[in-house]
Every structure is written in C-alpha cells, then in structure tokens.
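# What the coordinates show
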Amino acid sequence: GRIPAFVGAAEAADRLAALDTWKRAEVVKANPDRAQLPVRIHALDAGKILYMAVPKLAAERPFYVLDPGALDVPISEAATSAVASRIARTADVDALRPVDVVVCGSVAVNHEGVRLGKGAGYSDIEVALLADAGLLTAQTTIATTIHDVQVVDEPLPHAGHDFTVDVIVTPTTVL
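Residues numbered from 1 in each chain as written. Predicted model: local features only at pLDDT ≥ 70, side-chain atom pairs only at ≥ 80, totals over all residues. Heavy atoms only, no water.

Axis separation between helix α1 (residues 9-17) and helix α3 (residues 37-45) bottoms out at 8 Å; the angle between their running directions is 40°. Regarding the angle of α1 to α3, the classification is oblique. Of the two possible hands of crossing, α1 and α3 adopt the one that is right-handed. Together, A9, A10, A13, D14, L16 and A17 of α1 and P38, V39 and H42 of α3 make up the contact between the two elements. Residues belonging to the contact of α1 with α3 are distributed by class as follows: 7 nonpolar, 1 polar and 1 charged. (Axes fitted to C-alpha atoms, helices over the stretch in contact; angles between N-to-C directions. Helix = DSSP H or I, 4+ residues; strand = E, 2+ residues; numbered from the N terminus. Parallel < 35°, antiparallel > 145°, perpendicular 65-115°, else oblique. Left-handed = near helix turned anticlockwise from the far one by under 90°. Contact = heavy atoms within 4.5 Å. Nonpolar A, V, L, I, M, F, W, Y, C, P; charged D, E, K, R; others polar.)

The subject of this paragraph is the layout of surface pockets. Reported here for the largest pocket is a volume of approximately 440 Å³. If you trace the largest pocket, you find 23 residues lining it, with K118, A120, G121, Y122 and S123 closest to the centre. If you list the elements that add at least two residues to the lining of the largest pocket, you get β7 (115-116) and α6 (122-132). Per-element tally for the lining of the largest pocket: the top contributor is α6, with 4 residues. A per-class count over the lining of the largest pocket returns 9 nonpolar, 7 polar and 7 charged. As a volume, the second largest pocket reaches approximately 160 Å³. Lining the second largest pocket are G1, R2, I3, P4, A5, D33, R34 and K118. Of the residues that constitute the lining of the second largest pocket, the class distribution is 3 nonpolar, 1 polar and 4 charged. (1 Å grid on protein atoms, 1.4 Å probe; cavity = no way out; pocket = protein on both sides within 12 Å on 5 of 7 lines; lining within 4 Å. Points joined across faces, edges and corners; volume = space filled by probe spheres on them.)

The following block contains the structure:
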C-alpha cells in the first residue's frame, strides 16, 4: 500500500539528474511519495516546472503546479507533499504544458520496465490523463527511482492499462 522510501534515494536522484533526457526537460511530473522527494528537489533546483498529483486525484483540478520562479518558500520545503498541498496552485490537464519526464515510484520493477506500484492504480490514471490530453509524446521519458534490491528478474503482472517505464534509476546504476 506504499511506495517504500529507500536508502540511496538521493543518489538515485543524482543519477537521474545526470541523464541528458533530464537535463533537456523543462517540465517534470513526479509522484508525491517520500522516495521521490530528492527527484522533486532536483527538478525545482534546476528551474523545471514540477507537476504532482493531488492525492488520490481527489480534487476538481487534480495536479499541483510548482514553478520554481514563483516559490516563496525554500525548494526543499516546496518539494514536500505537505507544503506543496498548501502553496501550489492546482490545475486540470487542460492548463498543463507537455511533460518531458515522468518519474514514478515503484514497489518493484523488472528489466522489461514492468512495475508494481502501491496497488491503487493512481499512477496509471495520472499517466493516462496526461496521455489522453496529448501532454505525453514519444519523446516523453517515463522513469522510476528505486533501490537496487527492488529490481527483479522475474515477470511481474501487467494489465493493458498499466504503463511501463523507459528508465530504471537506482543508487548504483541506470537501466
């Protein structure tokens, strides 16, 4: 029921931030889980627009929008889900810009990019909303930051509505 926080999350975020696809990105959508906090900090610190989903998409406008140029709190605070929920404006998909990089949390992922999330399907819905609105393109990279032990060799369940990841970033490697 949770995306696990993991030792080495900051190192995984550093590896992600070193990738060319990240460096070129202007807009990042990241999940609000603690494991991806270093990713969100990297995004805002690099001047990228950051989208995070409102928990359970339970709002008329289901995405938080954080613009690092308009923050009146430190980036390290703004990137937390608790502070973002207080300071970020919310937006519907029709008010969002195209997304260059999506970063999702995972419980496990295999080498084919099939991932398991927390089990409620919200990440899949978020990606589907963005895709249906034309905000994801063939150039959009979908990544996960995860601990090395969460990368598995065996097949994982995958339904037709589940998305796969293009890039797996751990504290020690990029797959």
